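# Survey of secondary and tertiary structure
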Amino acid sequence: MRMRTRTGASPMRAGSKIEAFTAAMAGAAQAGPTLDKVKQAGSLSCGVQTGTPGFGQPDSQGKYSGFNIDICRAISAALWGDPDKVKYVPLTAQQRFTALQSGEVDLLSNNTTWTLQRDTQLGLNFAPVVFYDGQGFMVTKKSGVKTAKELNGATICVAPGTTTELNLADYFRANKMEFKPVVIEKVDELVAAFFSGRCDVYTTDASALAAQRTGRAANPGDYVILTERISKEPLAPAVRHGDEEWRDVVSWVVYALIEAEEKGITQKNVEEMSKSEAPDIKRMLGTTPGMGKALGLDEKWAYNAIKAVGNYGEIFDKHLGMASPLKLERGYNNLWTKGGLIYAVPIR
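Predicted model only: the values in this text are computed from it and were never measured.

As a further point, take the sheet that holds strand 12 (residues 223-225). Spatially, 10-9-11-8-12 is the arrangement adopted by the 5 strands of the open sheet, whose pairing is mixed. On the outer flanks of this sheet lie strand 10 (179-183) and strand 12, each paired with one strand and no other. Neighbouring strand axes in the sheet, compared pairwise and without regard to direction, differ in orientation by 30° on average. Judged from the 5 bridges that link them, strand 8 (residues 135-140) and strand 11 (residues 201-205) form a sheet pairing that is antiparallel. Looking at the pairing, V139 lines up with V201 of strand 11. Contacting strand 8, strand 11 and strand 12, helix 8 (residues 206-216) runs over the sheet at an angle of about 125° to strand 11.

Between helix 3 (residues 67-80) and helix 9 (residues 244-262), whose axes approach to 10 Å, the crossing angle comes to 110°. Between helix 3 and helix 9, the angle is such that the two are roughly perpendicular. Contacts between helix 3 and helix 9 involve I71, A74, I75, A78 and L79 from the former and W246, V250, V253, V254 and L257 from the latter. Of the residues assigned to the contact of helix 3 with helix 9, the class counts are 10 nonpolar, no polar and no charged.

Attention now moves to the nonpolar core. Counting residues in each nonpolar core, the largest one holds 77 residues, and the members touching the most others are F67, I75, W246, L257, M284 and W301. Considering every element that reaches this core, the biggest residue donor is helix 9, with 10 residues. Not counting chain neighbours up to four residues away, the residues in contact with I75 comprise L44, L107, W246, V250 and V253. Within the second largest apolar cluster, 15 residues are counted, among which are F137, I156, V201 and I230.

As for its position among the elements, I306 is in helix 13 (residues 301-309). The spatial distance from the C-alpha of I306 to the C-alpha of V270 is 7.2 Å, given a sequence separation of 36 residues. Excluding anything up to four places from it in sequence, I306 contacts A256, L257, A260, I265, T266, Q267, V270, M284, L285 and N311.

With that settled, consider the packing of aromatic side chains. Overall, the coordinates contain 18 aromatic pairs when judged by the stated rule. Geometrically, the ring pair formed by Y64 and Y88 is tilted, given 5.4 Å between the ring centres and 35° between the ring planes. Here Y88 lies in strand 4 (residues 86-90) and Y64 lies in strand 3 (residues 64-65), a separation of 24 residues in the sequence. Site record: aromatic cluster; members linked through ring pairs are F55, F67, F131, Y312 and F316. We note K300 situated over the ring of Y303; from NZ or CZ to the ring centre the distance is 4.0 Å. R330 extends its terminal NZ or CZ atom over the ring of F316, reaching a point 5.2 Å from the ring centre.

Structurally, E228 is set in the loop between strand 12 and strand 13 (233-235). The side chain of E228 is buried and forms no salt bridge, while K149, the nearest opposite charge, is found at 6.3 Å. Within the structure, E228 has its side chain in polar contact with the backbone nitrogen of A148 (distance 2.9 Å). Apart from residues no more than four positions distant in its own chain, E228 is found in contact with Q135, G136, T147, A148 and K149.

In this section: the side chain of Q49. You can see Q49 is positioned in the loop between strand 1 (44-48) and strand 2 (57-58). For Q49, a relative accessible area of 6% gives the class buried. With residues up to four places along the chain from it excluded, the contact list for Q49 reads F55, G56, Y64, N68, P90, L91, S109, N110 and N111.

Parameters at a glance
- Residues numbered from 1 in each chain as written.
- Predicted model: local features only at pLDDT ≥ 70, side-chain atom pairs only at ≥ 80, totals over all residues.
- Heavy atoms only, no water.
- Pairing = 2+ DSSP bridges.
- Helix = DSSP H or I, 4+ residues; strand = E, 2+ residues; numbered from the N terminus.
- Axes fitted to C-alpha atoms, helices over the stretch in contact; angles between N-to-C directions.
- Contact = heavy atoms within 4.5 Å.
- Parallel < 35°, antiparallel > 145°, perpendicular 65-115°, else oblique.
- Nonpolar A, V, L, I, M, F, W, Y, C, P; charged D, E, K, R; others polar.
- Core = buried A, V, L, I, M, F, W, Y, C linked by side-chain atoms within 4.5 Å.
- Buried < 20%, exposed > 50% of the residue type's maximum accessible area, 1.4 Å probe, protein only.
- Phe/Tyr/Trp six-rings, centres within 6.5 Å; stacked < 30°, edge-to-face > 60°.
- Lys NZ or Arg CZ within 6 Å of the ring centre and 35° of its normal.
- Lys, Arg positive; Asp, Glu negative; His and termini not counted.
- Salt bridge = Lys/Arg side-chain N within 4 Å of Asp/Glu carboxyl O.
- Polar contact = N/O pair within 3.5 Å; in protein donor to acceptor, adjacent residues only side chain to side chain.

All we've got here are geometric facts, nothing functional implied.
Laid out in structure tokens, this is it:
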């Protein structure tokens, strides 16, 4: 039976409606103050750690490297096909949010925990979680301390303006224990205070404890990271509220790195994989156009990001994994297909 249309309305196929909607949305993705700003500037301003081995740290020439640095480099590669169009701005825990809110940096890639208040009151938006962590405690081996419940009355080094500081107070209050805080803003000074014996305990994310023990202790074997984790710390890149186009770019670059690991696309084989006939890989690597336009980027945005830094697993292994000085297990940061929490939203 032929369906009649209402008077004055012209018939349109459902597919045509979808195509028109998709085209309109792709056009909208061209807009956005931060995306326009970085494109015009020809570089990206990335807020990073003042120095955390494995995650983000400058060498003697001031060149940054690390897990979080490669996230910035991947975004740069997606934007321009060049991973080195990045200005790294080292920020303390207290400086980072003001720097992002004021526009001094375009994003934070520095082990920032995604929380409700940061997402709302501080006016931040978070990209996908890139590292699942939890707060721990590091003590000297000679102290003989085996569990966190033995820390009553301890002097504890902690950074201000962090979820770490709040978690510490909550944990001790809940367990009816007391502690003496040594609060120091600059990470280098805080770590130095612990290793010099100024405090009994150093607390922060467990991965950062491992990084500082490996990178800064004169003898890493003299220190023990206790097994307890007293919090959930989902670490993610952060951008400003109200700039959805820019968050889309940052988020989908992260997803592309994860999806690449899922599909076996690596830094070395990405060129060969771009010749694949698999529809999902063709969309992702730009052989089939559309995904780049939707983001306001070149169609090879994902290809360029993977070519520059590798997939998520390669980045993890290089800077944090068993082949690195930190020797961290993948754990929760393994792919969902391997018992972890790392999962990419489909690129389609």
